[in-house]
Amino acid sequence: QVQLVESGGGLVQAGGSLRLSCAASGIMFRIYAMGWYRQAPGKPRELVAVITSAGSTNYADSVKGRFTISRDNTKNTVFLQMNSLKPEDTGVYYCNVPRGNDYMFSWGQGTQVTVST
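Our subject in this report is the structure included herewith.

How each quantity is defined
- Residues numbered from 1 in each chain as written.
- Predicted model: local features only at pLDDT ≥ 70, side-chain atom pairs only at ≥ 80, totals over all residues.
- Heavy atoms only, no water.
- Phe/Tyr/Trp six-rings, centres within 6.5 Å; stacked < 30°, edge-to-face > 60°.
- Helix = DSSP H or I, 4+ residues; strand = E, 2+ residues; numbered from the N terminus.
- Buried < 20%, exposed > 50% of the residue type's maximum accessible area, 1.4 Å probe, protein only.
- Pairing = 2+ DSSP bridges.
- Axes fitted to C-alpha atoms, helices over the stretch in contact; angles between N-to-C directions.
- Contact = heavy atoms within 4.5 Å.
- Disulfide = S-S within 2.5 Å.

Considerations on the packing of aromatic side chains
Part 1 of the reasoning: The tally for this structure, following the rule as stated, stands at 4 aromatic pairs.
Part 2 of the reasoning: Each ring, one from Tyr 37 and one from Trp 107, has its centre 5.0 Å from the other, and the planes form 85°; the classification is edge-to-face. Placement of Tyr 37 in strand β4 (residues 34-39) and of Trp 107 in the loop between β11 (102-103) and β12 (111-116) is noted, with a sequence separation of 70 residues between them.
Part 3 of the reasoning: The class of Tyr 37 is buried, set by a relative accessible area of 7%.

Written out as structure tokens, the structure reads:
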């Protein structure tokens, strides 16, 4: 059974930083690309960062230069370092395996990020 467990969210002031973690189990983690998604209030979930199995990364324009995705295959964990946070970064953050415009596994519970002005 696949499980994706996100953690590390919280309340932070604008300009602050947070580091999110997503622990995956039940999958051969190292062979998959991993993505971080976020869902802002009243908006659809969007993909903000991807890291391939080889370690290549890609980012949404809205987070480029501020967010860094990384992975530790020995711990089946993907990270999202978020710096220079803005109020518009507020939302619930999830990880999953991107598959085209879709995703592969059921969503975890996510982790709430709230950025105050």
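Comments concerning the sheet that holds strand β3 (residues 18-25)
Part 1 of the reasoning: An order of β1-β3-β8-β7 is seen for the 4 strands of this open sheet, with the pairing classed as antiparallel. Bordering the open sheet on either side are β1 (3-7) and β7 (67-72), each of which pairs with just one other strand. Looking at each pair of strands side by side, their axes are set apart by 15° on average, direction ignored.
Part 2 of the reasoning: Note: β3 against strand β8 (residues 77-82), 6 bridges, orientation antiparallel. Bridging from a neighbouring strand, Cys 22 pairs with Val 78 of β8.

Points about the sheet that holds strand β9 (residues 91-96)
Part 1 of the reasoning: Reading across the sheet, the 6 strands line up as β2-β12-β9-β4-β5-β6 and stay open at both edges, with mixed pairing between neighbours. The sheet terminates laterally at β2 (10-13) and β6 (57-59), the two strands that pair on one side only. Within the sheet, the average angular offset between the axes of one strand and its neighbour, ignoring direction, is 25°.
Part 2 of the reasoning: Relative to β12, β9 is paired through 3 bridges, and the arrangement is antiparallel. Bridged to Gly 91 within β12 is Val 113.

Points about the pairing of β12
Part 1 of the reasoning: Of the two faces of β12, only one is covered, namely that formed by Thr 111, Val 113 and Val 115; the face formed by Gln 112, Thr 114 and Ser 116 stays uncovered.
Part 2 of the reasoning: Both β2 and β12 contribute to a ladder of 4 bridges, which runs parallel. Bridging across to β12, Val 12 finds its partner in Val 115.

Considerations on the side chain of Asn 96
Part 1 of the reasoning: Within the secondary structure, Asn 96 sits in strand β9.
Part 2 of the reasoning: Judged by relative accessible area, Asn 96 falls into the buried class, the value being 0%.
Part 3 of the reasoning: Not counting chain neighbours up to four residues away, the residues in contact with Asn 96 comprise Leu 4, Ala 33, Met 34, Gly 35, Tyr 37, Tyr 103, Met 104, Phe 105, Ser 106 and Trp 107.

Looking at the state of the cysteines
Part 1 of the reasoning: Tallied over the entire structure, the rule returns 1 disulfide.
Part 2 of the reasoning: Here Cys 22 is linked by a disulfide to Cys 95, with a sulfur-sulfur distance of 1.7 Å. You can see Cys 22 sitting in strand β3 and its partner Cys 95 sitting in strand β9, a full 73 residues away along the chain. Like Cys 22, the residue Cys 95 is buried in the burial classification.

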